[in-house]
Amino acid sequence: MPIEAAQSRPVFANINPATGELLGEYPSATPGEVRHAVERAHFAQPSWSALPLHRRVEALRRFQQLLVERKQQVAETISAEAGKPAVEALTSEILVVLDAVKFCAANAARVLREENVPHANPALKTKRGRLLWEPVGVVGIISPWNYPFSIPATDSLAALVLGNAVVLKPSELTPNSTLLLRDLLYDAGVPRDVFQVVLGEGPTGAALLESGIDKLIFTGSVATGRRVAVAAAQRLIPVVLELGGKDPMIVLEDANVDVASSGAVWGSLMNCGQTCISVERCYVHRSLFDRFVSECARKMQTLRVAVRDGDIGPLISQRQLEIVAGQVADAVASGATVVCGGCRLPELGPNFYAPTLLTGVTPQMRIMREETFGPVLPVIPFSTDDEAVALANDSEFGLAASVWSRSRHHGESIARRIRAGCVMVNDAVTGFGISEAPHGGFKSSGIGRTHGVLGMREMLQPRYVDVDMLPHWKQLWWYGYGGAFASQMGGFVDFLFSRKLSTRLAGGLRSAGSLFRRRL
Ligand code: NAD
């Protein structure tokens, strides 16, 4: 490493958000080190991709087994640095990754399969087209702190099984979970240069974009996503952006209040509300409103907010807590009512905030427009389905949404009108854990998809190969331009596309003479 790089290298601290304990200090990778990692990945990728698919699938399956064996260690590591209960790390991260391995292993052959591309045009009938799906090469992945294991793991597994190399920059707030992911992959047999982790803050992520990667999968905030998109545009690097959300929940007139209120409480509070697809706005039919609010309040008050192994942990940082507290204060100042919560819990630690239920909110308030990313459920009544759909769609975001109804038909008919990448009926948040489901947003919530077959396709690029089966023949359209040629081609166009039978027949005769003529 160059001496000047070592001297100017920033160091960042990894802190337990519940206790404030220092978990580790890490030097940020310098731009030179990031570039070197990408170069090594480029060198290693062709032989990884040349392996028979079953060898890469075997590595994934070994990873799966190792993860099952080390699940407790992984859950505790995630819990310590992200603040979520260990059991939630198990259900919403480790289980999701184990299922993703199964999905990737089962579908890799399908998405890599060559496809025939038949030609309908009679003039092109001598050609045979094939569509090949090839790994993009070196995939850069930049990930956030809120799902520090499952987000980088699901993206990496899809990239790796399809023959890509990966250089991953995790969030500076949660490096340990990703380092465990790296160790598990190495122990499973993934070569060291094929999967690399570069640690660091924003500038390390920016350096990854400048280091020769072939594609970037970015997950994070809208603000950073915009910066990343600009940098990627300058280098013409294709990018998938998984950004923020403000997910609406619609409780229709025919919903089961007990089920919907439990769904709202879990969907808004799990991971302390710090899920991109958390329930962030709730619209409830006026006839159910009072009962729904009192059920939500009762259920919220039974939850245990705790430093360790409760139902709800801390927010990730003081900064995040200030955003949440600021939005709640703004809503209250504008007339909202705090039904429960609405306060910090300093007796537990500086990053704790009570589960909060708000009524009296209006669609214009910041709490209904900006991503909150905290344990807050604002509820608004509506009178008609059309009004609920309009309220739900009135947002710059469009990541996910949920609709609640006893009638599958009613629920689905409303779901189809919501402008979001994933709309669930009678569940929320779970979409991220459905390996088959594509994950991604409309509007400011992002571009492209991860997960599912569409997510796997993002890790590939299509190459179209076309072979003419008559190598001794010249093509009819290769020069020889002139009046006769124009007339023959005009006839050919008539023959193919004219709706009048007589014109078609005449066109066919006019062009027939040229079909076998050799040109230039
Ligand atoms: P963030 O945007 O602050 O950071 C995300 C990552 O980008 C981090 O690794 C960070 O170091 C890196 N980064 C920062 N500046 C950069 C730059 N200039 N160039 C390249 N990389 C840079 O987001 P966060 O606070 O870590 O995560 C929370 C946000 O992520 C929320 O908005 C949440 O909704 C969103 N999120 C979205 C999804 C999704 O799938 N759509 C999933 C999880 C989180």
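Cut-offs used in this document
- Residues numbered from 1 in each chain as written.
- Predicted model: local features only at pLDDT ≥ 70, side-chain atom pairs only at ≥ 80, totals over all residues.
- Heavy atoms only, no water.
- Helix = DSSP H or I, 4+ residues; strand = E, 2+ residues; numbered from the N terminus.
- Buried < 20%, exposed > 50% of the residue type's maximum accessible area, 1.4 Å probe, protein only.
- Domains from an automatic or database assignment.
- Phe/Tyr/Trp six-rings, centres within 6.5 Å; stacked < 30°, edge-to-face > 60°.
- Arc of directions from axis to C-beta.
- Contact = heavy atoms within 4.5 Å.
- Near = heavy atom within 4 Å.
- Polar contact = N/O pair within 3.5 Å; in protein donor to acceptor, adjacent residues only side chain to side chain.
- Areas by Shrake-Rupley, 256 points an atom, 1.4 Å probe, with all protein chains shown as cover.
- Axes fitted to C-alpha atoms, helices over the stretch in contact; angles between N-to-C directions.
- Parallel < 35°, antiparallel > 145°, perpendicular 65-115°, else oblique.
- Pairing = 2+ DSSP bridges.
- Right-handed = clockwise from strand over helix to strand, strands pointing away.

*Asks:* Give me the lowdown on unusual backbone geometry, citing residues and values where you can.
*Replies:* Despite not being glycine, Lys443 shows a phi value in the positive range, around 50°. Within the secondary structure, Lys443 sits in strand β18 (residues 442-443). The exposure class of Lys443 is partly exposed, given its relative accessible area of 31%. With a phi angle near 70°, His451 is a residue other than glycine that sits in the positive phi range. With respect to the element layout, His451 can be found in the loop between β19 (446-447) and α16 (452-457).

*Asks:* Explain the domain arrangement of the protein chain to me, using residue names and the numbers behind them.
*Replies:* How big an interface is tends to be reported as the loss of accessible area on association of its parts. We note that the domain assignment places domain 1 (31-243 + 453-463), domain 2 (247-434) and domain 3 (474-517) within the protein chain. Each of domain 2 and domain 3 was reduced to a C-alpha centroid, and the two centroids are 65 Å apart.

*Asks:* Report on the packing of aromatic side chains, specifying residues and quantitative values.
*Replies:* Each aromatic ring pair is described using two quantities: the centre-to-centre distance and the angle formed by the ring planes. What the rule picks out here adds up to five aromatic pairs. Their ring planes at 80° and their centres at 5.6 Å tell us that Trp145 and Phe373 sit as a pair that is edge-to-face. Here Trp145 is found in the loop between β5 (138-142) and α6 (150-161), whereas its partner Phe373 is found in the loop between α13 (366-369) and β14 (376-382), with 228 residues between them in sequence. Overall, Phe373 belongs to the buried group, its relative accessible area being 11%.

*Asks:* A description of helix α15 (residues 408-415) should follow, citing residues and the corresponding values.
*Replies:* Structural remark: α-helix, 3.6 residues per turn; residues separated by three or four positions point the same way. Where α15 is concerned, the buried positions are His410, Gly411, Ile414 and Ala415. Viewed end-on, α15 has its buried residues packed into an arc of 135°, placing them on one side of the element. Set apart from the buried face of α15 by more than 90 degrees, the exposed residues are Arg408 and His409. On its buried face, α15 sits against β10 (247-251), α14 (385-393), β16 (400-404) and β17 (422-425).

*Asks:* A description of the site of the ligand should follow, citing residues and the corresponding values.
*Replies:* Taken together, 29 residues lie around the ligand, and Glu172, Ser221, Leu243, Glu371 and His439 are the ones closest in. Contact between the ligand and Thr224: an oxygen atom at 2.7 Å from a side-chain N or O atom of the residue. Isolated, the ligand exposes 850 Å² of accessible area, and the fraction of that covered by the protein chains is 88%. Breaking the shell around the ligand down by element, the ones donating at least two residues are α8 (202-209), β8 (215-219) and α9 (222-235). When residues of the shell around the ligand are assigned to domains, at least three fall in each of domain 1 (31-243 + 453-463) and domain 2 (247-434).

*Asks:* So what's going on with the packing of helix α4 (residues 71-82) against helix α7 (residues 175-187)? Residues and values would help.
*Replies:* The geometry of α4 relative to α7 is characterised by a closest axis approach of 8 Å and an angle of 160° between their N-to-C directions. Classified by the angle their axes make, α4 and α7 are roughly antiparallel. Taken together, the residues of α7 that come into contact with α4 (itself represented by Gln73, Val74, Thr77, Ile78 and Glu81) are Pro175, Asn176, Ser177, Leu180 and Leu184.

*Asks:* Any details on the sheet that holds β5? Residues and values, ideally.
*Replies:* On the basis of which strands lie adjacent, the open sheet formed by six strands has the order β7-β6-β5-β8-β9-β19 and mixed pairing. Among the strands making up the open sheet, the edge pair consists of β7 (195-197) and β19. Both β5 and β8 contribute to a ladder of four bridges, which runs parallel. Note on β8: the bridge partner recorded for Ile142 is Phe218. Packed on one face of the sheet, helix α2 (residues 31-50) meets β5, β6 (165-169) and β7 and runs near 160° to β6.

*Asks:* Requested: an account of the pairing of β6, with residues and values cited.
*Replies:* Extensive coverage of β6 is indicated by the burial of five of its five residues. Here β6 shows a buried face lined by Ala165, Val167 and Lys169 and a second buried face lined by Val166 and Leu168. In this fold, the crossover linking β5 to β6 by way of α6 has right-handed handedness. Here three bridges tie β6 to β7, and the two strands are oriented parallel to one another. Each residue of the ladder has a partner; that of Leu168, found in β7, is Val197. For the handedness criterion, the β-α-β arrangement of β6, α7 and β7 is classed as right-handed.

*Asks:* So what's going on with the sheet that holds strand β4 (residues 127-135)? Which residues, and what values?
*Replies:* Hydrogen bonds along the backbone pair up the strands of a sheet, which may run parallel or antiparallel. Across the sheet, three strands lie side by side as β3-β4-β20; this open sheet has antiparallel pairing. Across the chains shown, the open sheet's two edge strands, defined by having one partner strand only, are β3 (115-117) and β20 (460-468). Sheet twist, expressed as the mean angle between neighbouring strand axes with direction ignored, is 30°. Bridging between β4 and β20 involves nine bridges; their strand directions are antiparallel. When the bridges of β20 are listed, Leu132 appears paired with Arg463.

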